[in-house]
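Overview (structure and organization)
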2 protein chains.
Amino acid sequence: MTDRVMPDKAMSMERAGWSSEDPVQRPVMLTIAGDSAAGKTTLTKGLVEALGEANVTAVCADDYHRYDREERKTLPFTPLNPKCNYIEIMEQHLELLANGQPILKPKYDHSTGTFGRPEFVEARRFVIVEGLLPMYTRLAQACADVTVYLDPPEAIRRAWKIARDSTKRGYTKEQVVEELERREAESAEFIRPQRAKADIVVSFGPLQQAEDGLWPHAHAHEDSGGETLSATLLLRPTVTHPDLTSVLTDENRRAIHLKLIRDDDGKPVDALHVHGHAPPDLTHQVEEALWRGLEFGEDADLPQGIGGIEGVRNEPLAVTQLILVYHLLQLAAERR
Amino acid sequence: MTDRVMPDKAMSMERAGWSSEDPVQRPVMLTIAGDSAAGKTTLTKGLVEALGEANVTAVCADDYHRYDREERKTLPFTPLNPKCNYIEIMEQHLELLANGQPILKPKYDHSTGTFGRPEFVEARRFVIVEGLLPMYTRLAQACADVTVYLDPPEAIRRAWKIARDSTKRGYTKEQVVEELERREAESAEFIRPQRAKADIVVSFGPLQQAEDGLWPHAHAHEDSGGETLSATLLLRPTVTHPDLTSVLTDENRRAIHLKLIRDDDGKPVDALHVHGHAPPDLTHQVEEALWRGLEFGEDADLPQGIGGIEGVRNEPLAVTQLILVYHLLQLAAERR
């Protein structure tokens, strides 16, 4: 904590075990970044259920607002702007949790737009951080062992945000659309650059073409929330991904396939497609095979509680969560 | 932050400069512990004024309550009990401030008995921590460069608490007396042991005998708050105190004198008596001489704003604050 020269580097080195005398069992930390309504909560929920609530500390990184709703009215930026947040405190708290220390976390009440009683949060074996800017600074990013960026097609995300905010958060559709416009520039400037830093980029959405469609298509109608979702996972070589060769068979191709592509920036990356229109039984078999093929899979049952979106099971989401659970368990095993 | 083997030792070593690559200018930290109404706020106020508000971060360590007033009603302990507080978070925040890092500090609202909006606190050049339990743990204590325990005679403290809580905090005298009784056992168990850890023990109160009276007498009436206060400072050899030889003259003996004594535990200690009944002019001359005799005193004017108790100037308080200001400036100069 005292060495502030390249604190992110120091953190990376520590995580890599350079300070071998460290007696604290450091938690395994997964960070999920993404814009509002990108699916962060849904993704997190299944992971917590799969790993067991008692083993997971789930932290929302969006409580570090510097201003309450009233104060923000007179300010020229939205909550997406780092200036609108105590980013250095968020960073500090992630650093503490990554080191196994507890935090007294601020709590922003979305219903009143004011600050509530802070919450005592202990670092359990697994720490899942989700939010708008949890990878914004180098140190915050370095705290994570695996990083995910949720990147649904913008039209899908807008549809999700409108559906959620106009039901659960009491806004009119017009208000949500207006807010989306107001946030667009800051989303582009602060949120989306985190995509390039993530080990895994996840995009849920309806696929345009089963075989060739690289990305869930971006021209979805705003009412497309009800369509069957497929998932595309960019698996960057920044972490060691599970060996998928045993499940990438011709037989399973209708459910899952892997394709070597170039990302937007020209860099090579593996794109794993999980097809939402495949027979659920087939995808479920793939999940079973995938899990059995993993080092610890033979003894352990397929994790429960994955794949749920508001009570409905979605297999592409389940596969995504399965891969993340693999990463978390693998890292925990290495750390023992 | 990550080395939790003897964290207090690590902190002491760091303060001593072992981690020489540390690029952060660490603040100079003074910690003032003492029971409720022992005079912590009054002592702190003059120090802040003398050092300049822009240079000082003054932190009350009593905001780390684990329960609000309503919850405490059903609990078998008072706020003096470490169990009633997030002591590990208090400790963590002191460690952060000692390392020059900002904190998001919880805020307990004494008027409502609930938690308010947390406060962003940056570590300025000087950090003054005052509270009930700021030296309770070894690490919390190790964060401080100088520690003070405020130890007025119990009868005086009770009188002060009754006077304050029955005017400024809206309780009846009976309620305050009852609360004092309720807290007595926990005060003895948790607050008073901090006295033994302090570099300086300060006792304000009316002196029984000018020459021999070692301690402000313990038999003061509860209405003795209006009496002229003297001060006794135990200067433990745990820090380097200012050289007082130039002011400890026969001429000044009516205002100030030093006596080698044994403390309650039998250990040798210097007891500095500052007599409240001495002519204020004489004591003021002593202050001037004391200040001029210090390394940086010749160029610097006598600090302003010291000695004030609710608008009235008290010379023994001024001398006490002068000695503390000396310590803070001296440590800051060494750290440059």
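Residues numbered from 1 in each chain as written. Chains lettered and ligands numbered in written order. Predicted model: local features only at pLDDT ≥ 70, side-chain atom pairs only at ≥ 80, totals over all residues. Heavy atoms only, no water.

Helices and strands together make up the secondary structure of chain A, namely nine helices and 14 strands. Per-residue burial for chain A yields a buried fraction of 55% across its 336 residues. Carbon and sulfur atoms form 49% of the exposed surface of chain A, whose accessible area is close to 15,200 Å². (Helix = DSSP H or I, 4+ residues; strand = E, 2+ residues; numbered from the N terminus. Buried < 20%, exposed > 50% of the residue type's maximum accessible area, 1.4 Å probe, protein only. Areas by Shrake-Rupley, 256 points an atom, 1.4 Å probe, with all protein chains shown as cover.)

Our next topic: the nonpolar core. By size, the foremost hydrophobic cluster in this structure holds 49 residues, and its most contacted members are Leu-30, Ile-32, Val-148, Ile-200, Phe-204, Leu-233 and Leu-272 of chain B. Of the residues forming this core, the biggest block, eleven residues, is contributed by helix H9 (residues 315–335) of chain B. Discounting residues that sit within four places of it in the chain, Ile-32 of chain B has contacts with Lys-40, Leu-43, Thr-44, Leu-47, Ile-128, Val-129, Glu-130, Gly-131, Pro-134, Val-148 and Leu-150 of chain B. Core analysis: the second largest hydrophobic core is formed by 46 residues, Val-28, Leu-233, Leu-244 and Leu-294 of chain A among them. (Core = buried A, V, L, I, M, F, W, Y, C linked by side-chain atoms within 4.5 Å. Contact = heavy atoms within 4.5 Å.)

Take the packing of helix H8 (residues 280–293) of chain A against helix H9 (residues 315–335) of chain A next. All names here are of chain A. Orientation of H8 relative to H9, taken along the N-to-C sense of each, is 5°, at an axis distance of 10 Å. The pairing of H8 with H9 is recorded here as roughly parallel in orientation. Across from Pro-280, Thr-283, His-284, Glu-287 and Trp-291 in H8, the residues of H9 making contact are Glu-315, Ala-318, Val-319, Leu-322, Val-325, Tyr-326 and Leu-329. Class assignment for the residues of the contact of H8 with H9 results in eight nonpolar, two polar and two charged. (Axes fitted to C-alpha atoms, helices over the stretch in contact; angles between N-to-C directions. Parallel < 35°, antiparallel > 145°, perpendicular 65-115°, else oblique. Nonpolar A, V, L, I, M, F, W, Y, C, P; charged D, E, K, R; others polar.)

So, about H9 of chain A. Look at H9 of chain A: 30 Å from first C-alpha to last across 21 residues, which is about the 30 Å you get at 1.5 Å a residue. Among the 21 residues of H9 of chain A, 17 are classified as buried, and the element is accordingly described as predominantly covered. (Expected span 1.5 Å × (residues − 1).)

Attention now moves to the confidence of the model for chain A. Parts of the prediction with low pLDDT should not have their coordinates interpreted in detail. Residues and elements named next belong to chain A. Mean pLDDT over chain A stands at 87; residues scoring 70 or higher make up 85%. For residues 18–23, every residue scores under 50 in pLDDT, and the model assigns this stretch six contacts once sequence neighbours within four places are set aside. The low-confidence segment residues 209–226 (pLDDT under 50) makes 39 contacts with residues lying over four places distant or belonging to another chain. We note a pTM of 0.86 for the whole complex and an ipTM of 0.83 for its interfaces. (pLDDT = per-residue confidence, 0-100.)

It is worth spelling out the sheet that holds strand E12 (residues 268–274) of chain B at this point. All names here are of chain B. Reading across from one edge, E2-E7-E1-E8-E9-E10-E12-E11 is the order of the eight strands in this open sheet, with mixed pairing throughout. Two strands bound the open sheet, and with one partner strand each, they are strand E2 (56–60) and strand E11 (256–262). With strand direction ignored, the average angle separating the axes of adjacent strands in the sheet is 20°. Looking at chain direction, strand E9 (residues 200–205) and strand E10 (residues 230–235) are connected through six bridges and run antiparallel. Bridge pairing in E10 places Phe-204 opposite Ala-231. In the packing of helix H2 (residues 40–51) onto the sheet, contacts are made with strand E1 (28–34), E2, strand E7 (126–131) and strand E8 (146–150), and the angle to E7 comes to roughly 170°. (Pairing = 2+ DSSP bridges.)

Before going further, it helps to examine the pairing of strand E12 (residues 268–274) of chain A. Regular strands place their side chains on alternate faces of the sheet. Residues and elements named next belong to chain A. Most of E12 is tucked away, with five of its seven residues classed as buried. Direction of pairing for strand E10 (residues 230–235) relative to E12: antiparallel, over a ladder of five bridges. Within E12, the residue paired with Leu-235 across the bridge is Asp-270. Examined bridge by bridge, strand E11 (residues 256–262) and E12 share seven bridges and lie antiparallel to one another. By the bridge assignment for E12, Ile-256 is matched with Val-274. Between E11 and E12, which follow one another and run antiparallel, lie five residues, and Gly-266 among them has a positive phi close to 90°.

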